[in-house]
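A look at the structure
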Amino acid sequence: MLVMSHAALAQTGRRDLYLETFVNDAATGLVAHFVERRDGRLATAPKELRDIGLLPQAAAIAADGLVDLDRLDGVTYRLDAPAQAIHFTASESGRVPRIFDAQKARLRDVGEERAPVAKSANGAVLNYLLFGATESGNANVFGFGDRQSALSAALDGRLFGELGVLSQSGIVQTASDSNYRSVRLDTTWSYADPRSLMNYRSGDLISGGLTWTRPIRLGGVQAQRSFSLRPDLVTMPLPAFTGSAAVPSTVDVYFNNVKTYSQKVPPGPFEINNLPVLAGGGIQSVVIRDSLGRQTVTSQPIYASPKLLRAGLYDYSVESGFRRYSYGVQSNDYDPDPVASATLRGGITDNLTLETHVEGGASLINGGAGVAFPFTGIGVGSLSLAGSSNKGATGLQAAAGVEFNFNPLRVFARAQQTFRQYADLASLPSASSADYGVSAASLLPPKQLYQTGVTIPFKFDPSSLTLSLSRLKTWDDQPHDILGASYSRTMSKNTTLFVNGFADLHDRGNFGVFAGLTISLDDGISATASVSQSGHALTGGVDINKSLSAEPDSYGWSLHDHEGAVADRAAGASYRTPFARLAAGVQQVGDSSRVTGEMEGAVATVNGGVFFANRIDDAFAVVDAGAPGVNVFYENRPAGHTGQNGQALIPTLRAYEPNQIAIDPDNLPVNAVVQRTKETVVPPARGAVIVDFGVATDRTPLRAVLHDARGALIPAGTRGTIEETGEAFVVGYDGEIYLENAKAGETLRIERGSGDCRVAVSAMDRDNPVQSEALACR
């Protein structure tokens with residue numbers, strides 16, 4: 001540490017001091033820069049003061065921008081010149097809280113710190129679902145009477161690369177009566193930019209919307225904010241906790257009695273931001289334990305909702321194009337009139353989120369605004385108002401909603417009402433609407449929509465009850481009031497009782513009750529016995545099934561038998577191969593029966609290879625292990641093994657999230673050199689990443705025993721170098737060396753205190769994976 005001389009103070013009117021800092025007798029571990037003025041007072045820059053934990057109060061800042069220490073309110077100091085240190089005594093009001101970010105700490109703990117998104121390789125994928133069925137009009141499942149057969153295929157293909165993804169989907173169907181039908185579903189180009197959190201689309205798309213708007217299908221262009229490009233980004237406001245510790249302490253945070261965060265804090269004030277909670281409500285408890293074992297507990301209700309945006313975050317969508325109708329029925333039913341819409345949500349503060357939506361075209365203009373706000377600790381509310389004008393006819397829509405958590409009760413309510421002739425883009429009929437028996441009035445929003453419900457988890461019993469009431473009044477003023485109830489109870493570790501029911505308050509004959517008992521067994525097998533009453537029809541039955549897992553070579557099956565007015569019996573089996581999912585089943589419903597079969601998988605081409613795999617909906621990886629038969633693992637689970645080309649495809653990666661892929665080197669050749677066996681990649685959406693483990697199998701390792709000209713072994717730890725390549729090595733015990741890629745004729749130089757010696761590598765047998773010989777160094 002440096003202290004300038006008194007001569008400098010006399011010449012310049014100031015002296016620079018670099019001092020070790022202490023606050024309330026606790027070392028900060030920092031050396032700060034101070035200035036001693038001509039009158040002996042000390043000053044420092046605001047940043048230096050803040051770094052050591054003291055608040056640079058505005059009233060103490062001098063004209064030169066430095067903070068005069070003796071003008072700080074609640075802070076005193078003592079200069080220890082011989083020790084080149086300064087000791088501060090500060091009250092809580094004079095200190096800067098130490099800030100901890102719980103979200104960043106959690107990501108570090110689980111190894112999910114933000115990694116760069118890998119660039120997508122160039123390639124193509126074709127997902128397919130082939131389905132065949134033969135139906136018979138008699139009760140014999142295998143009957144050959146009045147039988148009809150049908151074949152269909154659902155196809156979903158895409159080309160991907162650094163320029164985005166071009167996708168195309170459709171359905172092809174044919175039947176035994178020679179009818180053939182094909183329907184194009186979506187054709188879309190999309191490009192995602194994780195840096196700006198933007199998605200750009202062109203082609204078939206769905207417009208953005210809010211809880212009080214109705215999205216539509218369009219053929220056009222769209223620019224949309226997408227927080228899914230950053231799964232680590234928390235968009236809703238998270239709670240924070242502030243406190244103070246007199247001595248070094250540990251802060252533990254619990255949410256609903258589950259420990260979610262722990263942090264060691266130094267003496268003084270502190271603040272913990274972005275505390276982890278689940279969406280919904282609960283009780284957050286903060287326990288502070290000091291070094292003496294004393295603890296204090298603070299509890300408060302917390303409510304987090306995705307309806308709220310954190311301050312400074314904005315979510316929006318802008319699109320323009322032509323309305324699409326008859327989706328899944330016709331390939332190209334687009335309205336000729338162009339339309340456009342825009343949606344915006346913004347977090348003004350953590351306690352206020354504003355929303356707005358505008359849309360127009362085809363003689364209609366619609367716009368509205370909304371607001372979402374929290375009820376401190378217990379819930380969130382929302383309000384919206386929208387208006388429209390369509391060919392001179394105007395209307396309004398008002399909506400309101402609340403969510404509450406009165407521990408343990410969870411309550412929600414929503415109301416939506418339209419006035420006069422309110423309309424939106426989803427209300428406008430197409431030219432083909434009448435062809436399908438759809439009236440223009442039936443497309444209008446409901447005149448009334450009221451919903452309310454309460455969930456009651458019983459504290460005295462492992463069960464919960466949910467009650468709901470919904471009222472819907474359609475365009476023709478027909479009211480529908482539906483009362484619903486759901487009850488479930490955990491009977492034991494693997495047994496659950498459930499009862500669900502509904503009733504139409506305007507139609508006594510329209511009601512239903514469904515009750516049953518579910519038992520979970522080992523190996524993914526579950527059984528359910530149930531009975532249901534719908535109107536005057538009573539049905540009871542049993543379902544037993546084994547779920548099909550995602551790993552290759554897994555299998556599943558199901559048995560279904562429900563008896564009542566109409567018998568319903570079925571059996572099926574499925575098997576997942578490394579290249580597809582296969583399934584077959586038989587079913588009898590009343591006097592009809594059918595046999596079905598299906599095959600679902602994908603064909604992909606990337607990195608110069610063609611792969612047959614299970615369905616690939618999102619990102620995937622091509623693993624290059626350098627040799628066939630190498631076992632590949634995804635998130636520590638078996639994911640298959642490499643083929644003859646040394647590559648394997650993993651079809652189920654999570655886009656924009658860290659994915660861990662590993663190989664088992666036990667099946668590699670003995671001469672293989674492996675750079676690494678684990679890799680973590682962050683793939684883009686619907687693209688592919690190539691994971692190359694750098695396995696080299698074309699080398700001929702050399703294991704040799706070195707001795708000198710007198711036959712004595714070269715001592716362990718002696719260093720050496722391959723003169724031709726400069727590769728260094730160290731001699732091991734018993735004079736042994738191991739070189740990964742030695743070549744015949746190369747010279748090994750051994751460094752010895754009595755003088756270097758050299759030995760030539762003799763001819764090597766390339767058919768021998770590891771060459772072993774004795775070499776004399778001279």
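Remember, predicted model here, so these are calculated numbers, not experimental data. (Residues numbered from 1 in each chain as written. Predicted model: local features only at pLDDT ≥ 70, side-chain atom pairs only at ≥ 80, totals over all residues. Heavy atoms only, no water.)

Read from one edge of the open sheet, four strands run β48-β47-β50-β51, paired in antiparallel fashion. Pairing within the sheet leaves two strands with one partner each, and these edge strands are β48 (728–730) and β51 (757–760). Across this sheet, the average inter-strand angle for adjacent strands is 25 degrees, counted without regard to direction. Here three bridges tie strand β47 (residues 719–722) to strand β50 (residues 747–750), and the two strands are oriented antiparallel to one another. Across the sheet, G720 pairs through a bridge with I750, a residue of β50. (Pairing = 2+ DSSP bridges. Helix = DSSP H or I, 4+ residues; strand = E, 2+ residues; numbered from the N terminus. Axes fitted to C-alpha atoms, helices over the stretch in contact; angles between N-to-C directions.)

Attention now goes to the pattern of salt bridges. A full pass over the atoms with the stated rule returns 40 salt bridges. Residue D252 pairs with K259 through a salt bridge whose shortest N-O separation is 3.6 Å. For D252, a relative accessible area of 6% gives the class buried. Looking at K259, the relative accessible area reads 46%, which means it is partly exposed. (Salt bridge = Lys/Arg side-chain N within 4 Å of Asp/Glu carboxyl O. Buried < 20%, exposed > 50% of the residue type's maximum accessible area, 1.4 Å probe, protein only.)

Attention now moves to the sheet that holds strand β15 (residues 249–255). Pairing is antiparallel across the open sheet formed by four strands, whose spatial order is β16-β15-β18-β19. Bordering the open sheet on either side are β16 (258–265) and β19 (295–304), each of which pairs with just one other strand. Looking at each pair of strands side by side, their axes are set apart by 20 degrees on average, direction ignored.

On inspection of all chains with the given rule, the structure shows nine aromatic pairs. Ring centres of F373 and F375 lie 5.4 Å apart, and the angle between their planes is 80 degrees; this geometry places the pair in the edge-to-face category. Judged by relative accessible area, which is 29%, F375 ranks as partly exposed. Aromatic side chains F404 and F406 sit 5.4 Å apart centroid to centroid with 20 degrees between the ring planes, which places their arrangement in the stacked category. Given a relative accessible area of 18%, F404 falls into the buried group. Judged by relative accessible area, F406 falls into the partly exposed class, the value being 41%. Connected via pairs of aromatic rings, a cluster forms that spans F373, F375, F404 and F406. One cation-aromatic arrangement involves R217 over Y327; the distance from NZ or CZ to the ring centre is 3.6 Å. Seen from the ring of Y555, K546 lies directly overhead, with NZ or CZ sitting 4.5 Å from the centre. (Phe/Tyr/Trp six-rings, centres within 6.5 Å; stacked < 30°, edge-to-face > 60°. Lys NZ or Arg CZ within 6 Å of the ring centre and 35° of its normal.)

Here the focus is the side chain of T577. Tracing the backbone through its elements, the reader meets T577 in the loop between β35 (568–576) and β36 (580–589). Here T577 is in contact with P552, L582 and N614, once residues within four sequence places are set aside. (Contact = heavy atoms within 4.5 Å.)

With that settled, the discussion passes to the confidence of the model for the protein chain. Scored by pLDDT, the protein chain has a mean of 86; 92% of the residues are at 70 or more. Throughout residues 109–113 the model reports pLDDT below 50, and contacts reaching past four residues in sequence, or to other chains, amount to four contacts. Note on residues 138–145: pLDDT is under 50 here. Beyond four places in sequence and across chains, it has 17 contacts. (pLDDT = per-residue confidence, 0-100.)

A word on the layout of surface pockets. Computed from the structure, the largest pocket encloses a volume of approximately 920 Å³. If you trace the largest pocket, you find 36 residues lining it, with S190, Y191, A192, Y656 and A685 closest to the centre. Of all the elements in the fold, those that place two or more residues in the lining of the largest pocket are β9 (147–161), β10 (164–175), β11 (180–193) and β12 (198–206). Here the lining of the largest pocket gets seven residues from one element, more than from any other, and that element is β11. Class assignment for the residues of the lining of the largest pocket results in 14 nonpolar, ten polar and twelve charged. Considered as a void within the structure, the second largest pocket measures approximately 730 Å³ in volume. Taken together, 31 residues make up the lining of the second largest pocket; nearest its centre are P552, P578, A639, L649 and P651. Every element with two or more residues in the lining of the second largest pocket is listed here: β38 (609–613), β41 (637–641) and β42 (647–650). Considering every element that reaches the lining of the second largest pocket, the biggest residue donor is β41, with five residues. Split into classes, the residues belonging to the lining of the second largest pocket amount to 15 nonpolar, nine polar and seven charged. (1 Å grid on protein atoms, 1.4 Å probe; cavity = no way out; pocket = protein on both sides within 12 Å on 5 of 7 lines; lining within 4 Å. Points joined across faces, edges and corners; volume = space filled by probe spheres on them. Nonpolar A, V, L, I, M, F, W, Y, C, P; charged D, E, K, R; others polar.)

Next up on the list: the pairing of strand β25 (residues 393–406). Here strand β24 (residues 379–390) runs beside β25; their pairing, made up of twelve bridges, is antiparallel. Directly across from N390, in β25, lies its bridge partner A393. With twelve bridges connecting them, β25 and strand β26 (residues 409–420) associate as antiparallel partners. Its bridge partner lying in β26, F404 is registered against V411.

Inspection of the sheet shows strand β22 (residues 352–361) paired to strand β23 (residues 364–375) by nine bridges, in the antiparallel sense. Bridged to E355 within β23 is G370. Summarising the sheet, β23 and β24 pair through twelve bridges and their orientation is antiparallel. Along β24, the bridge assignment pairs L364 with N390. In sequence, β23 turns back onto β24 through a hairpin of three residues, with G377 there showing a positive phi of about 80 degrees.

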